[in-house]
Amino acid sequence: MKIALLGYGKMGKVIERIALERGHEIVLRKDESNTYDGLENADVAIDFSVPMVAVENITEAFNQNVPVICGTTGWLERYDEVVKLCQEKNGAFLYGSNFSLGVNLFFELNDYLAKMMAKFSSVYKVSMEEIHHTQKLDSPSGTAISLAKGVIENSTYTSWTEETASENHSSDSEQAKQIHIDAKRIENVPGTHSVYYSSDVDFIEIKHVAHNREGFALGAVLAAEWIVGKNGVFSMKDVLDLK
């Protein structure tokens, strides 16, 4: 399989190594200094770039009939635009806020726990914490937002916020329906995500800790292998058959 890497930072280099180990060929290593030459030869493109150029990268791939795996976060206000373009081009697109197998299982656990705890919303208050390396541009992380959405879809919570209670100008009733996400940036932390349920008498926590970037990169390559020959908009649930 021929792969175009749209974004050639730390993650791109790990993806490259794993792809080569699995017998694939890299036909483009796109960073800010080069063009899209070689993209036309790719069977699939993997985008781990930055929020400012992600949609441009995805659009260029669709224009060249190349399916896209995207792990860049921080651009999702344009997600519907990308989905529409994918459908117009009869392309294939898979966005993941996190490609780690463990994190995707964690998403399922989070959904299940949220459904269970929804019956006890008057007792337990939900909050979250995410910790990443200092080079991460978006805050909170896409993974944390996915976790918050998982709780919102399975409970009476309606939104998430990074603001502390003292910074939050919402009413008390509105704050009661908001999930607070505490985003921290610490050197050399690949990614840690925690979901907390706290009451006056006890505390429940589920947590995922990434030791390195290997799991994210392997998941992205597996998704790339899976999407070739398909059309439509997908998620890691499809790749891992978790639906």
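Treat the numbers as computed from the prediction; the structure is a model and nothing was measured. (Residues numbered from 1 in each chain as written. Predicted model: local features only at pLDDT ≥ 70, side-chain atom pairs only at ≥ 80, totals over all residues. Heavy atoms only, no water.)

This brings us to the sheet that holds strand S2 (residues 25-30). Strand pairing in a sheet relies on backbone hydrogen bonds, with the paired strands running either antiparallel or parallel. Reading across the sheet, the 6 strands line up as S2-S1-S3-S4-S5-S11 and stay open at both edges, with parallel pairing between neighbours. Each of the sheet's edge strands pairs with one partner strand only, and the pair in question is S2 and strand S11 (232-234). When the angles between neighbouring strand axes are averaged without regard to direction, this sheet yields 15°. The sheet contact formed by strand S1 (residues 2-6) and S2 spans 5 bridges and is parallel. In the strand pairing of S2, Ile3 is matched with Ile26. Against the sheet, helix H2 (residues 51-63) makes contact with S1, strand S3 (44-47), strand S4 (68-70) and strand S5 (92-95), and its axis sits at roughly 165° relative to S4, the strand it touches most. (Pairing = 2+ DSSP bridges. Helix = DSSP H or I, 4+ residues; strand = E, 2+ residues; numbered from the N terminus. Axes fitted to C-alpha atoms, helices over the stretch in contact; angles between N-to-C directions. Contact = heavy atoms within 4.5 Å.)

Summed over the entire model, instances satisfying the criterion amount to 9 aromatic pairs. For the pair Trp75 and Phe93, a centre-to-centre distance of 6.4 Å together with 70° between the ring planes defines the contact as edge-to-face. Pair noted here: Trp75 is in the loop between S4 and helix H3 (79-88) and Phe93 is in strand S5, with a separation of 18 residues, a long-range link. By the burial criterion, Trp75 is buried, and Phe93 matches it. Ring centres of Trp75 and Tyr95 lie 5.7 Å apart, and the angle between their planes is 90°; on these two criteria the pair is classed as edge-to-face. In this pair, Trp75 is assigned in the loop between S4 and H3 and Tyr95 in strand S5, connecting sequence segments 20 residues apart. The class of Tyr95 is buried, set by a relative accessible area of 13%. It is Lys13 that lies over the ring of Tyr8; its NZ or CZ is 4.2 Å from the centre. (Phe/Tyr/Trp six-rings, centres within 6.5 Å; stacked < 30°, edge-to-face > 60°. Buried < 20%, exposed > 50% of the residue type's maximum accessible area, 1.4 Å probe, protein only. Lys NZ or Arg CZ within 6 Å of the ring centre and 35° of its normal.)

Within the open sheet, the 5 strands sit side by side as S7-S8-S6-S9-S10. Their pairing is mixed. Two strands in the sheet have a free side with no partner beyond their single neighbour: strand S7 (159-161) and strand S10 (203-210). Taken over all neighbouring pairs, the strand axes of this sheet differ in orientation by 20° on average, direction set aside. The sheet contact formed by strand S6 (residues 125-132) and strand S8 (residues 178-185) spans 6 bridges and is parallel. Considered in S8, the bridge of Ile131 is made with Lys184. Each of strand S9 (191-198) and S10 touches helix H4 (residues 101-117); the most contacted strand, S10, lies at about 165° to it.

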